[in-house]
Amino acid sequence: MRVAVLGTGIMGQGVARSLHREGHEVTAWNRTRERAEPLAADGITVVDTAEEAVAEADVVLLVLFDGDAVLEVLDAAAQAGPASAVWVQASTIGLEATSRVVARADELGVDLVEAMMLGTKKPAADGKLVMLAAGPTALVERVAPVLDAMGAKTVTAGDRVGAGTALKLAANAWIASVTAATAQSIALAEGLGLDPQLFLDAISGGQSDTPYAHVKGASMIAGDYPAQFALDGLRKDVDLMRAAAPGASLDPTLLDALAEVFAAASERGHGGDDIAAVRAGFTAS
């Protein structure tokens, strides 16, 4: 299929390469062209405007930072693409912004589904994401070859755009929680005079074990945080969860605590580092 990838940050670059590797014809655009330019070496067409990117697309993939960016690009490029194109909203923008995007897509006559991406830099580059899809069944089926190229599996959250976003918030709440919990245990072990590796050894193979703790824990122990999922990106997502909490009748106590500890790490200079750098949020100031 002819796929336009709009937004080539960490995730956008990875999925663009996965789509190209699986035989799709990929055109990429980013507001700052320099961030998209490395894709040209892989045989991906890089263009200057979103309008150029969508001109002949079967599928338009939105991989942008927030709701305002999605709305801006939708307004700029919707009329430049074929009427038959399906737009796939893959940006984590929260429930309120998703409602605005759905309303605007309806006004513009755009066929819209969503496919949230569960995973980080490496799964995106390897085509091993978990795709959280939602929208009219016929449209989701039309974009299935694209979702299959991006992910190891697709979980369909519902036939309404917004259900995928709700599931992504729930999944990212787990990621934020388990990452922060791992950091807390490592910080506590270190603070009590232990080798923090002993904590990972203690849970290894038990019912409380998770491979994620070992991956992030190793990064925390080394103090090395190459970005797979930028800390400030997860901070944004936690804020989206907090905004959704009243409508979900959810007590936000844990989300508020997560927001605080991730903010502390960001304020100590780790906003662009991997989320494992939340370890810095547990260091007494």
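Treat the numbers as computed from the prediction; the structure is a model and nothing was measured.

Q: Would you explain the overall build of the chain in this entry?
A: When helices and strands are tallied, the chain shows 13 helices and eight strands. On the principal axes, the C-alpha backbone points of the chain span a range of 65 × 45 × 35 Å. Counting over 285 residues, the chain shows a buried share of 51%. Residue pairs at least 24 apart in sequence account for 65% of intrachain contacts in the chain once pairs closer than 6 positions are excluded. In the form shown here, the chain has an accessible surface area of approximately 12700 Å², with 54% of it arising from carbon and sulfur atoms. A gap of 2 Å separates the mean positions of the 21 positive and 37 negative side-chain charges of the chain.

Q: Where do I start with the nonpolar core in this structure?
A: Most often, soluble globular proteins have nonpolar side chains that are buried together. Core analysis: the biggest nonpolar cluster contains 32 residues, and Val-5, Leu-19, Leu-61, Met-117 and Met-150 have the highest contact counts within it. Once residues lying within four places of it in the same chain are set aside, the contact partners of Leu-19 are Val-3, Val-5, His-24, Val-26, Leu-61, Val-146, Ala-149 and Met-150. The next biggest cluster of nonpolar side chains, apart from the first, holds 30 residues, and it includes Leu-169, Met-241, Ala-265 and Ala-277.

Q: Help me understand helix H12 (residues 231-244) in this model?
A: Because the α-helix completes a turn every 3.6 residues, residues three or four places apart line up on one side. Its 14 residues place the ends of H12 20 Å apart at the C-alpha level, agreeing with the 20 Å of an ideal helix rising 1.5 Å per residue. Among the residues of H12, those classed as buried are Leu-231, Gly-233, Leu-234, Lys-236, Asp-237, Val-238, Leu-240 and Met-241. Contact partners of the buried residues in H12: helix H5 (94-108), helix H9 (163-191) and helix H13 (253-270).

Q: I would appreciate a short explanation of the packing of helix H4 (residues 67-77) against H5 in the present structure.
A: In a packed pair of helices, the relevant descriptors are the angle between the two axes and the axis-to-axis distance. Two elements in contact, H4 and H5, have axes whose closest approach is 9 Å; the angle formed by their N-to-C orientations is 5°. Considered as vectors, H4 and H5 are oriented roughly parallel to each other. In contact with Gly-67, Asp-68, Val-70, Leu-71, Leu-74 and Asp-75 of H4, H5 contributes Ala-97, Arg-100, Val-101, Arg-104, Ala-105 and Leu-108. The residue inventory of the contact of H4 with H5, partitioned by class, reads seven nonpolar, one polar and four charged.

Q: I would appreciate a short explanation of a nonpolar patch on the surface in the present structure.
A: Together, Leu-188, Leu-192, Leu-194 and Leu-198 make up a nonpolar patch on the protein surface, roughly 420 Å² of accessible area in all. For Leu-188, a relative accessible area of 54% gives the class exposed.

Q: Which parts of the structure should I look at to understand the sheet that holds strand S6 (residues 111-118)?
A: The pairing of strands in a sheet comes from backbone hydrogen bonds and takes either a parallel or an antiparallel form. Strand order in this open sheet of eight strands is S3-S2-S1-S4-S5-S6-S7-S8, and the pairing throughout is mixed. Every other strand in the sheet has two partners, leaving strand S3 (45-46) and strand S8 (151-158) as the edge strands with one partner each. Relative to S6, strand S5 (residues 86-89) runs parallel, the two sharing four bridges. Across the sheet, the residue bridging to Val-88 is Val-113, located in S6. Its contacts with the sheet put H9 on S6, strand S7 (129-134) and S8, and the angle it makes with S6 is roughly 10°.

Q: Where do I start with the packing of H9 against H12 in this structure?
A: Relative orientation of the contacting elements H9 and H12 amounts to 125°, with a least axis distance of 10 Å. The angle between H9 and H12 falls in the class oblique. Crossing geometry of H9 relative to H12 is assigned as left-handed. Counting all contacts with H9, which are made through Leu-169, Asn-172, Ala-173 and Ala-176, the residues of H12 involved are Leu-234, Asp-237, Val-238, Leu-240, Met-241 and Ala-244. Of the residues contributing to the contact of H9 with H12, the split by class is eight nonpolar, one polar and one charged.

Rules used in this analysis
- Residues numbered from 1 in each chain as written.
- Predicted model: local features only at pLDDT ≥ 70, side-chain atom pairs only at ≥ 80, totals over all residues.
- Heavy atoms only, no water.
- Helix = DSSP H or I, 4+ residues; strand = E, 2+ residues; numbered from the N terminus.
- Buried < 20%, exposed > 50% of the residue type's maximum accessible area, 1.4 Å probe, protein only.
- Contact = heavy atoms within 4.5 Å.
- Areas by Shrake-Rupley, 256 points an atom, 1.4 Å probe, with all protein chains shown as cover.
- Lys, Arg positive; Asp, Glu negative; His and termini not counted.
- Charge placed at Lys NZ, Arg CZ, Asp CG, Glu CD.
- Core = buried A, V, L, I, M, F, W, Y, C linked by side-chain atoms within 4.5 Å.
- Expected span 1.5 Å × (residues − 1).
- Axes fitted to C-alpha atoms, helices over the stretch in contact; angles between N-to-C directions.
- Parallel < 35°, antiparallel > 145°, perpendicular 65-115°, else oblique.
- Nonpolar A, V, L, I, M, F, W, Y, C, P; charged D, E, K, R; others polar.
- Patch = residues over 30% accessible without salt bridge, like charges linked within 9 Å, V, L, I, M, F, W, Y side chains within 5 Å.
- Salt bridge = Lys/Arg side-chain N within 4 Å of Asp/Glu carboxyl O.
- Pairing = 2+ DSSP bridges.
- Left-handed = near helix turned anticlockwise from the far one by under 90°.

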